[in-house]
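# Coordinates in review
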Amino acid sequence: MNEEQEFIYDDEDAVKYIQNYLPQELKGKFSDDDINYLIDLIYEFYESKGCFGNDDEETIIEIDEDELIQYVIKNAQKDGVGKFNAEEISFIVQGELDYCESINLFE
């Protein structure tokens, strides 16, 4: 992607992408609002780890996926959104990462 092109992270497209990414047994378990909320938690976690606002492109920030999943589960339960297990949240996280790759967010 050249500098003149801008990536566009579209929340609605991300939710649709993740809904399609989910395995058959999880389709219908998460509403679009649930997925939006879970995406927000994922990005809260990233922000807490210093992933944003860092102008140094040489710095590599490692994200522990298990820690991320536990963060999402804990906060979703605390906020009364639902009780989810690690496998379910893992599909949401992977779907979100796959969506980001599909729009070349990481390049």
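Because the structure is predicted, anything quoted here is derived from the model rather than measured. (Residues numbered from 1 in each chain as written. Predicted model: local features only at pLDDT ≥ 70, side-chain atom pairs only at ≥ 80, totals over all residues. Heavy atoms only, no water.)

## Section: the overall build of the protein
The secondary structure content of the protein amounts to 4 helices and 0 strands. Listing every helix and strand of the protein by position from the N terminus yields α-α-α-α. Counting over 107 residues, the protein shows a buried share of 31%. Total accessible area computed for the protein in this model is approximately 7200 Å², and 43% of it derives from carbon and sulfur atoms. (Helix = DSSP H or I, 4+ residues; strand = E, 2+ residues; numbered from the N terminus. Buried < 20%, exposed > 50% of the residue type's maximum accessible area, 1.4 Å probe, protein only. Areas by Shrake-Rupley, 256 points an atom, 1.4 Å probe, with all protein chains shown as cover.)

## A look at the packing of helix α2 (residues 32–48) against helix α3 (residues 65–78)
Running from N to C, α2 and α3 cross one another at 125°; their axes reach a closest spacing of 10 Å. Between α2 and α3, the crossing angle belongs to the class labelled oblique. Our pair here, α2 against α3, has a crossing hand that is right-handed. Contacts between α2 and α3 involve Y37, L38, L41, I42, E44, F45 and Y46 from the former and E67, L68, Y71, V72, N75 and A76 from the latter. Class assignment for the residues of the contact of α2 with α3 results in 10 nonpolar, 1 polar and 2 charged. (Axes fitted to C-alpha atoms, helices over the stretch in contact; angles between N-to-C directions. Parallel < 35°, antiparallel > 145°, perpendicular 65-115°, else oblique. Left-handed = near helix turned anticlockwise from the far one by under 90°. Contact = heavy atoms within 4.5 Å. Nonpolar A, V, L, I, M, F, W, Y, C, P; charged D, E, K, R; others polar.)

## Brief notes about the nonpolar core
Ranked by internal contacts, the top residues of the largest apolar core, which has 25 residues, are I35, L38, I89 and I92. Taken together, the elements giving at least two residues each to this core come down to α1 (11–21), α2, α3 and α4 (86–102). Among the elements that line this core, the one with the most residues is α2, at 8 residues. Discounting chain neighbours no more than four positions away, the residues touching I35 are V15, I18, Q19, L22, F30 and I92. (Core = buried A, V, L, I, M, F, W, Y, C linked by side-chain atoms within 4.5 Å.)

## Description of the packing of aromatic side chains
Under the defined criterion, the tally for this structure stands at 6 aromatic pairs. On the basis of an interplanar angle of 75° and a centroid distance of 6.0 Å, the ring pair of Y9 and Y43 is categorised as edge-to-face. Of this pair, Y9 sits in the segment before α1 while Y43 is found in helix α2, placing the two residues 34 residues apart along the sequence. Note on Y9: relative accessible area 22%, which makes it partly exposed. When the centroid spacing of 5.2 Å and the interplanar angle of 90° are considered together, the rings of Y9 and Y99 count as edge-to-face. Note that Y9 is positioned in the segment before α1 and Y99 in helix α4, a separation of 90 residues in sequence. An aromatic cluster is built from Y9, Y17, Y43, Y46 and Y99, whose rings are joined through pairwise contacts. (Phe/Tyr/Trp six-rings, centres within 6.5 Å; stacked < 30°, edge-to-face > 60°.)

## Let's talk about the confidence of the model for the protein
The predicted model of the protein has a mean per-residue pLDDT of 86, with 82% of residues at 70 or higher. Contacts from residues 1–5, a stretch scored under 50 in pLDDT, to residues over four places away or in other chains number 4 contacts. (pLDDT = per-residue confidence, 0-100.)

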